[in-house]
Each structure stands twice: as C-alpha cells, then as structure tokens.
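If you want the building blocks of each chain, they are given just below.
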Amino acid sequence: MPNPTILILPGDGIGPEVMAEVRKVIDWFGTRGHAFDVTEDLVGGCAYDAHGTPLTDETMAKAQEVDAVLLGAVGGPQYDNLDFSVKPERGLLRLRKEMDLFANLRPAQCFDALADFSSLKKDVVAGLDIMIVRELTSGVYFGEPRGIIKEGNERVGINTQRYTESEIARVARSAFELARKRNNKLCSMEKANVMESGVLWRDVVNEVHAAEYSDVELSHMYADAGAMQLTRWPKQFDVIVTDNLFGDLLSDLAAMLTGSLGMLPSASLGAPMANGRPKALYEPVHGSAPDIAGTGKANPIACILSFAMALRYSFDMGDEATRLEQAVEAVLADGLRTADLMGPEGGTPISTADMGDAIIAKLAATA
Ligand code: NAD
C-alpha cells in the first residue's frame, strides 16, 4: 500500500506557526510505522504575494489528487484592500467549491481541564463531545433567485432556500456514517413546521434512514428548539445534521460551549474518491490571528485536533486519533496552557512550539 498523501497549506499569520506543530505530530507518527507523503504549498495572502492569485491552478490540481488537505489560516490586514476576486479568502472558497466539500464537521468537545472556560455551568459542559454536520454547498446562501430588487417605491431583498433530494441525501449519509463511528445517534434539525424545504429535508432524512441506516437512532428537532436544547443540556446529542443556514448558527453556538477559539478543529468532506476516501479538507476554525502572529503565542491545538480528525475520517486511524486527542487532554490536565487558555488565576503560558513538544512527549509516553 502506498503511503497516504497530504497537502499542507499553512497560509498566513499564525497558520505556518501552528502547522509547524502539526508537522511534528505527522513526523512522530512516521517514526511509529504510519508514514505519510506530505507536500506543502501556498494559499491565501502568501500565494497572492508569490503568484498574484490566492490559489494557483497547480495547487488546486494537487488538492484534488491528495487523500487530504490540511489548511492553517488565511488573511491579514495587508490584504484588506485587494480586489474581492484575489482576496486570501477566495483561495479557501475555491478549494471548498471545486472539491465539492458539502459536509462541514464541527465537533464541540469540552476537555475537563478547560470546563471553567465555558459560559455555561461546568456540569453542563464537562465531558461534552458532540458533532455538528452542516450542509455547506447549497441552501439559502446559494439559492436563486437572489438579490435586491425594486418593487414600486421600495427595495426588496431576496434569498431563496433551495435543496434537492440528492443534496439532502448525501449530507444525511455523511452524518449517519459519522454517527456509526461515534455513539450511533443522529438528530436532524430543520424548520419543517414553517418551511417546505424543511418538510422535504425531514422526509429525505427519514427515507435514507429507513433504506440504509436503520441501526442508527434517529430523531428530529426544529432548529430553534435545537438551539435551546444545545444550551440547556448539550450532552443529550451525539451527531446533529442540519442545513447551511441553521448549521452556520448552531455550529458557532455549539463551538462556543467549549470556550476557546484556539481549541476548535473542523473538517469539510465531499464525495468518496476512487480509493474510497472522501475528498477532505481539515482546518482549525480560527483565522490567521495577525494580532499575535510571530510572537509564539498561538495555540496549535485546534490545528493538531484537525489532524486528529484527518486520522479518523480520511485514514481510518481511529485509535491513533483517540491517542492524539488523549495526549492533548493529558497536557491540559498537567496545567500546561498557551496564553489564550490562561484563566483568571494567572500563571506562565507556554509557547506554540512548547505546546507541540508537550503533546509529542505525551504521545511518546503512551507508545
Ligand atoms: P481570528 O480567528 O484570526 O482571531 C480572533 C481572536 O482570537 C484574535 O484575538 C486572535 O489572537 C485569537 N486567536 C485565534 N486563533 C488563535 C490561536 N490559535 N491561539 C491563540 N489565539 C487565537 O479572527 P479575526 O481576527 O477576525 O481575523 C483575522 C484574519 O483571519 C482576517 O484576515 C480574517 O479574514 C481571517 N480569517 C480566516 C479564517 C480562515 O482562514 N478559515 C477564518 C476566520 C478569519
């Protein structure tokens, strides 16, 4: 079997700093019999500086060929006045669009050592581990007609919520597959009480369930009730699947249950490739954090946990993913913190590189 292939796109700002720590983790797995073929390239502002475009056709072609893409972050104030068509974010949007990454996975996982960081009570979030699957390539952000038109004397803003059966079915399948790899429970959220697209969403999810996934426990909830339940008792959920708009809101809400931006990984998955692996892009939720870039203050954990998701969802290495997550948990339990994780009690933060090294040391200790 050839080694799995990874394209690393560190990007701008703290992207290269946090990705350097992921490289250490990848190299460590390489020394333990799990070698990856890694190539690195440019995306975002640094690609614009080098090539006049935030993503070259060559880099795009490489992204289509590899088993997984790992991305750091893009953007920075020096690019704010660029034309919209060459802004750093366009590189990221092009990757998502051309790889047709229709399922966005955002876990909300609360490490016990950080339970005090949540705005909710500790017992509500301690040990929380849920996953939101958001449909990413359709729905009201893309539906036609759209625009601002004139009707008589006033302007009218129009957006269209539109979903085809196949768009719903494919993201539902991704969510059912995930549930099977976790606690086998899926909750689908829409607004079938007031939206026809929600009625169809619920019907199609039920059909996919009956035909292919009847072993998974399925429930349905209106998305507004889902938001309330997520803040009331989030541990009732395992996997949640929802559309693009509701997923945008609910995944941000769920992510913040756990506290810090520096801790949040994500994955965006598309259709299976010829080798059975899904098209996949893994990236931390945070941006390029220009305010701390170059200072060694960035927390690399979100990016490292994104690689753990790659191990689990692209490379079928669930045990290794769990081991990496446990190494992160152990480091936090030891009280080691980057600056963003310092509580009111204070203490001395460690640097980005020291956090990476501490995680490697924990991995090695469990070898
Ligand atoms: P940001 O996520 O970069 O930063 C928000 C705040 O969180 C900052 O104070 C930052 O220092 C802190 N922070 C973020 N990640 C951290 C980490 N790993 N460790 C410690 N602290 C961390 O969001 P922003 O400031 O709104 O945007 C900065 C730039 O990033 C902009 O150009 C924006 O367009 C871009 N951006 C990119 C992405 C992406 O690449 N996916 C996402 C969001 C924003």
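Residues numbered from 1 in each chain as written. Predicted model: local features only at pLDDT ≥ 70, side-chain atom pairs only at ≥ 80, totals over all residues. Heavy atoms only, no water.

Engineer: Explanation requested: the domain arrangement of the chain in the structure shown.
Structural biologist: It is common to give the size of an interface as the accessible area lost on bringing the parts into contact. As far as domains go, the chain holds domain 1 (1–107 + 261–367) and domain 2 (129–257). On a C-alpha basis, the centres of domain 1 and domain 2 stand 26 Å from each other. With 16 residues of domain 1 at the contact, the number on the domain 2 side is 18 residues. Around 1400 Å² of area is buried between domain 1 and domain 2 when both sides are counted, 59% of it from carbon and sulfur atoms. If you sort the residues of domain 1 by the area they bury against domain 2, Phe-102, Asn-104 and Arg-106 come out on top, with a joint share of 45%. At the junction of domain 1 and domain 2, the tally comes to two salt bridges. (Domains from an automatic or database assignment. Contact = heavy atoms within 4.5 Å. Buried area = accessible area lost by both parts, 1.4 Å probe. Salt bridge = Lys/Arg side-chain N within 4 Å of Asp/Glu carboxyl O.)

Engineer: Got a minute to help me understand the pairing of strand β7 (residues 154–160) in this structure?
Structural biologist: Both faces of the sheet carry side chains from a regular strand, because those side chains alternate between them. The pairing of strand β6 (residues 143–151) with β7 spans six bridges and is classified as antiparallel. Bridge pairing in β7 links Gly-147 to Ile-158. Linking β6 back to β7 in an antiparallel pair, the connection comprises two residues, with Gly-152 at a positive phi of about 65 degrees. (Pairing = 2+ DSSP bridges. Helix = DSSP H or I, 4+ residues; strand = E, 2+ residues; numbered from the N terminus.)

Engineer: Please clarify how empty space enclosed by the protein should be interpreted in this entry.
Structural biologist: Regions of empty space are outlined by a rolling probe, equal in size to a water molecule, passed over the atoms. Under the defined criterion, the tally for this structure stands at two cavities of 30 Å³ or more. The calculated volume of the largest cavity comes to roughly 60 Å³. If you go around the largest cavity, the residues you meet are Pro-107, Ala-108, Gln-109, Phe-111, Thr-258, Met-263, Leu-264, Pro-265 and Leu-305. The element contributing the most residues to the lining of the largest cavity is strand β4 (residues 103–109), with three residues. Residue composition of the lining of the largest cavity, grouped by class: seven nonpolar, two polar and no charged. The calculated volume of the second largest cavity comes to roughly 40 Å³. For the lining of the second largest cavity, the leading source of residues is helix α7 (residues 196–212), giving three residues. (1 Å grid on protein atoms, 1.4 Å probe; cavity = no way out; pocket = protein on both sides within 12 Å on 5 of 7 lines; lining within 4 Å. Points joined across faces, edges and corners; volume = space filled by probe spheres on them. Nonpolar A, V, L, I, M, F, W, Y, C, P; charged D, E, K, R; others polar.)

Engineer: Looking at this model, I keep getting lost on the sheet that holds strand β10 (residues 239–242). Mind explaining?
Structural biologist: Pairing between the strands of a sheet comes from backbone hydrogen bonds, and it takes one of two forms, parallel or antiparallel. The strand order across the open sheet formed by ten strands is β2-β1-β3-β12-β11-β4-β5-β10-β8-β9, and the pairing between neighbours is mixed. The open sheet has two edge strands, β2 (37–40) and β9 (217–222), and neither has a second partner. Within the sheet, the average angular offset between the axes of one strand and its neighbour, ignoring direction, is 20 degrees. Two elements, strand β11 (residues 265–272) and strand β12 (residues 278–284), share six bridges in a ladder whose sense is antiparallel. Bridged to Pro-265 within β12 is Pro-284. Sitting on the sheet, helix α1 (residues 15–31) is in contact with β1 (5–11), β2 and β3 (68–73), with an inclination near 155 degrees to β1. Sitting on the sheet, helix α4 (residues 88–98) is in contact with β1, β3 and β12, with an inclination near 155 degrees to β12. (Axes fitted to C-alpha atoms, helices over the stretch in contact; angles between N-to-C directions.)

Engineer: Whenever I open this one, the site of the ligand confuses me. Can you help?
Structural biologist: Taken together, 21 residues form the shell around the ligand, and within it Glu-89, Gly-287, Ala-289, Asp-291 and Asn-299 come nearest. For the ligand, an oxygen atom lies 2.9 Å from a polar atom in the backbone of Val-74. Take Gly-287: an N or O atom from its main chain is 2.7 Å from an oxygen atom of the ligand. Class assignment of the residues belonging to the shell around the ligand gives a composition of ten nonpolar, seven polar and four charged. (Near = heavy atom within 4 Å. Polar contact = N/O pair within 3.5 Å; in protein donor to acceptor, adjacent residues only side chain to side chain.)

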